[in-house]
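In case you want the letters, here they are:
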Amino acid sequence: MKIGLLTGGGDAPGLNAAIRAVGRRALLGGDSLAGIRNGWAGLLGDGDIEPMDRPMFSGILQLGGTVLGSSRVNPIKREGGLEEVLRNIDRQGLEALVAIGGDDTLSVAAWLADRGAHVVGVPKTMDNDLMVTEYCIGFDSAVSVVAEALDRLHTTAMSHHRVMVLEVMGRDTGWVGVMGGLAGGADMIIIPEFPVTVDEVIEHLDKRSAAGSDFSIIVVTEGVEMEGLRGKDDAGEKRDAFGHVQLGRRGVGETLARIIEERTGHETRATVLGHLQRGGSPSAYDRIWATRVGAAAYDLVRGNRWGMMPVVQCGAVEIARIADVVAEPRRVPRDLYELAQVFY
Ligand code: F6P
């Protein structure tokens, strides 16, 4: 069987581990692999596809990024784009397609599966907000980066008695913020699920000062909407191919830091962690789970279970419909958010 493999959307550490797992399992099963370049872009126009043989799956387990390349190109947004993808699948003789991605990439996969295409998915997003699954490739590595950044910010915040604001990624949800903040001992975590006002932030900092704390660390998710705070680029919203505002440009962390300094008189600095959260080597946890879901995706192909994907539930690999996984974002539950508040 000829199996096409693509990685779409924002890259994340662990993608190569999943590519390796699908590839090595497929070669062992006597199947052949075609690497589709740069996500869905590789199935548009004339297509951009190359055969993948065993050496291409060697030495990549520990590599960040994706050897296949990625993009946010969205066939849904292109006139006739989805039909073009179907035609290319046919033309290239792909008998199965493994799409590794987050909600955008997997939404396209769900649409194709609905039209009878032989597609299976693999969950990837450092935002960790896909429904049905507890694990998405890249999240663990991102949280480790946030925790390390917080450790570093702590020492300098203590020395200078400053407020430090750390802006982390997260479009609709605050998984990276809340888990990174828990791991790094943040003094306040602001995430989209539980919005606070600027007044509440100031009140909290005043309370900490009154209790004798002479520094504070705040984690803020780039996607938050806060009363009293407007990002600098809200007006001229620049969007990617999936129609998402480029949140990094809103400068929520910088704006919040400026307001805090103005209103409290405490010296305040902002750090934007940005794409450092997505770069570099995957954690051991990401390598292991990306390997497990990658291998399980190949099993779905062998079982002709189109429109399905491996997910992680209660520490085990289970199978779910791609359409269910992309139905809506999975949000941070209140108990987790409240647990973080204990340490404020
Ligand atoms: O893939 C999700 C994500 O990491 C978001 O958290 C972030 O807002 C976005 O990607 C950044 O995207 P880009 O790489 O296009 O700047």
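One numbering rule holds for all chains: residues counted from 1, following each sequence as written. Thresholds applied to this predicted model are a pLDDT of at least 70 for local features of residues and 80 or more for the giving and counting of side-chain atom pairs; totals over whole chains, interfaces and linings are not thresholded and use all residues. The basis for every side-chain value is the complete set of heavy atoms in the structure, and neither hydrogens nor water enter the calculation.

Colleague: For this particular structure, what's the right way to read the overall build of the protein?
Modeller: Secondary structure elements follow DSSP: runs of H or I of four or more residues count as helices, runs of E of two or more count as strands, with numbering from the N terminus. Looking only at helices and strands, the protein has ten helices and eleven strands in total. Throughout, the radius of gyration refers to the C-alpha atoms, and the reference size of a globule is 2.2 Å times the residue count to the power 0.38. The globule rule puts the C-alpha radius of gyration for 344 residues at 20 Å, and the 21 Å found for the protein is close to it. Overall, the protein is about 70 × 40 × 30 Å in size when its C-alpha atoms are taken along their principal axes. Every one of the 344 residues in the protein was classed for burial, and the buried ones make up 55%. Contact definition: two residues touch when any of their heavy atoms are within 4.5 Å. Put simply, 75% of the contacts in the protein that link residues at least 6 apart link residues at least 24 apart. Accessible area of the protein: about 14200 Å², with a carbon and sulfur share of 49%. The rule is simple: take the accessible area with a 1.4 Å probe, protein chains only, and divide by the maximum for that residue type; under 20% is buried, over 50% is exposed, in between is partly exposed. All accessible areas in this document rest on Shrake-Rupley with a 1.4 Å probe, and a residue is counted as covered only by the protein chains that are shown.

Colleague: Help me understand the sheet that holds strand E2 (residues 32-36), please; the structure alone is not making it clear to me.
Modeller: Pairing between the strands of a sheet comes from backbone hydrogen bonds, and it takes one of two forms, parallel or antiparallel. Strands sit in the order E3-E2-E1-E4-E5 across an open sheet of five strands; the sheet is mixed. In the strand order of this sheet, the two ends are held by strand E3 (49-52) and strand E5 (119-123), each with one partner. The sheet shows a mean angle of 25 degrees between the axes of neighbouring strands, direction not considered. One requirement defines pairing of two strands: DSSP has to find at least two bridges between them. Two strands pair when backbone bridges link them, and strand E1 (residues 2-7) and strand E4 (residues 96-101) are joined in this way by five bridges, in the parallel orientation. Axis definition: a line fitted to C-alpha atoms, limited for helices to the stretch in contact. Angles are taken between N-to-C directions and run from 0 to 180 degrees.

Colleague: Looking at this structure, I do not really get a nonpolar patch on the surface. What am I missing?
Modeller: Together, Leu-339, Val-342 and Phe-343 give the surface a local cluster of nonpolar side chains, amounting to about 310 Å² of exposed area. Assignment of secondary structure puts Phe-343 in the segment after helix H10 (334-341). Exposure remark for Phe-343: the relative accessible area of 52% places this residue in the exposed category. In this analysis, a patch consists of residues with relative accessible area above 30% that form no salt bridge, clustered at 9 Å for like charges and at 5 Å for the nonpolar side chains Val, Leu, Ile, Met, Phe, Trp and Tyr. Only one rule defines a salt bridge in this text: a Lys or Arg side-chain nitrogen within 4 Å of an Asp or Glu carboxyl oxygen.

Colleague: Sorry, what's going on with the layout of surface pockets here?
Modeller: A water-sized probe, rolled over the atoms, reveals where empty space remains. With a 1 Å grid laid over protein atoms only, a set of points is called a cavity when a 1.4 Å probe fits there but cannot get out and a pocket when it is open yet has protein on both sides within 12 Å along at least five of seven lines; lining residues have an atom within 4 Å of a point. Grid points are joined across faces, edges and corners, and a volume is the space filled by probe spheres set on the points. Space inside the largest pocket adds up to approximately 570 Å³. Lining the largest pocket are 33 residues, with Arg-72, Asp-127, Arg-171, Glu-222 and Arg-278 sitting closest to its centre. Elements that contribute at least two residues to the lining of the largest pocket include exactly helix H3 (103-114) and strand E6 (163-168). Three classes are used, and their members are as follows: Ala, Val, Leu, Ile, Met, Phe, Trp, Tyr, Cys and Pro are nonpolar, Asp, Glu, Lys and Arg are charged, and the others, Gly among them, are polar. A class-by-class count of the residues in the lining of the largest pocket yields seven nonpolar, twelve polar and 14 charged. Annotation comment: domain bounds sourced from an automatic or database domain assignment. Here the lining of the largest pocket spans two domains, since at least three of its residues come from each of domain 1 (2-138 + 282-325) and domain 2 (139-279).

Colleague: Which parts of the structure should I look at to understand the pattern of salt bridges?
Modeller: Note that side chains of opposite charge can pair when their charged atoms are close. Counted by the stated rule, this structure contains 15 salt bridges. Between Arg-278 and Asp-11 there is a salt bridge, with its nearest N and O atoms 3.1 Å apart. Residue Arg-278 is located in the loop between strand E9 (268-272) and helix H8 (284-302), and its partner Asp-11 is located in the loop between E1 and helix H1 (15-28); the two are separated by 267 residues in the primary sequence. A relative accessible area of 12% places Arg-278 in the buried class. Between Arg-258 and Glu-262 there is a salt bridge; the shortest N-O distance is 3.6 Å. In this pair, Arg-258 and Glu-262 both sit in helix H7 (residues 252-264), four residues apart, roughly one turn of the helix.

Colleague: Sorry if this is basic, but what is going on with the domain arrangement of the protein here?
Modeller: According to the domain assignment, the protein consists of domain 1 (2-138 + 282-325) and domain 2 (139-279). Joining two parts hides part of their accessible area as seen by a 1.4 Å probe, and the buried area is that hidden amount summed over both. Between domain 1 and domain 2, roughly 1800 Å² of surface is buried when both sides are summed, and carbon and sulfur atoms account for 52% of that area. Considering only the side of domain 1, the residues that lose the most area to domain 2 are Arg-72, Asp-104 and Met-126, jointly responsible for 35% of the buried surface there. The tally of links from domain 1 across to domain 2 stands at one salt bridge.

Colleague: I would appreciate a short explanation of the site of the ligand in the present structure.
Modeller: We call a residue near a given molecule or strand whenever any one of its heavy atoms falls within 4 Å of it. Every residue close to the ligand is listed here: Arg-72, Met-126, Asp-127, Met-169, Gly-170, Arg-171, Glu-222, His-275 and Arg-278. One of the side-chain N or O atoms of His-275 is found 3.0 Å from an oxygen atom in the ligand. Within the complex, 81% of the 400 Å² of free accessible area of the ligand lies under protein. If over half the atoms of a molecule are within 2 Å of the grid points of a cavity or pocket, the molecule is regarded as sitting in it. When atoms are counted within 2 Å of each cavity's grid points, the one that captures over half of the ligand is the largest pocket. Here the residues of the shell around the ligand are counted per class, giving two nonpolar, two polar and five charged. No fewer than three residues from each of domain 1 (2-138 + 282-325) and domain 2 (139-279) sit in the shell around the ligand. N or O atoms within 3.5 Å of each other form a polar contact, as long as, within protein, one can give a hydrogen and the other can take it, and as long as residues adjacent in sequence are counted only when both atoms are side-chain atoms.

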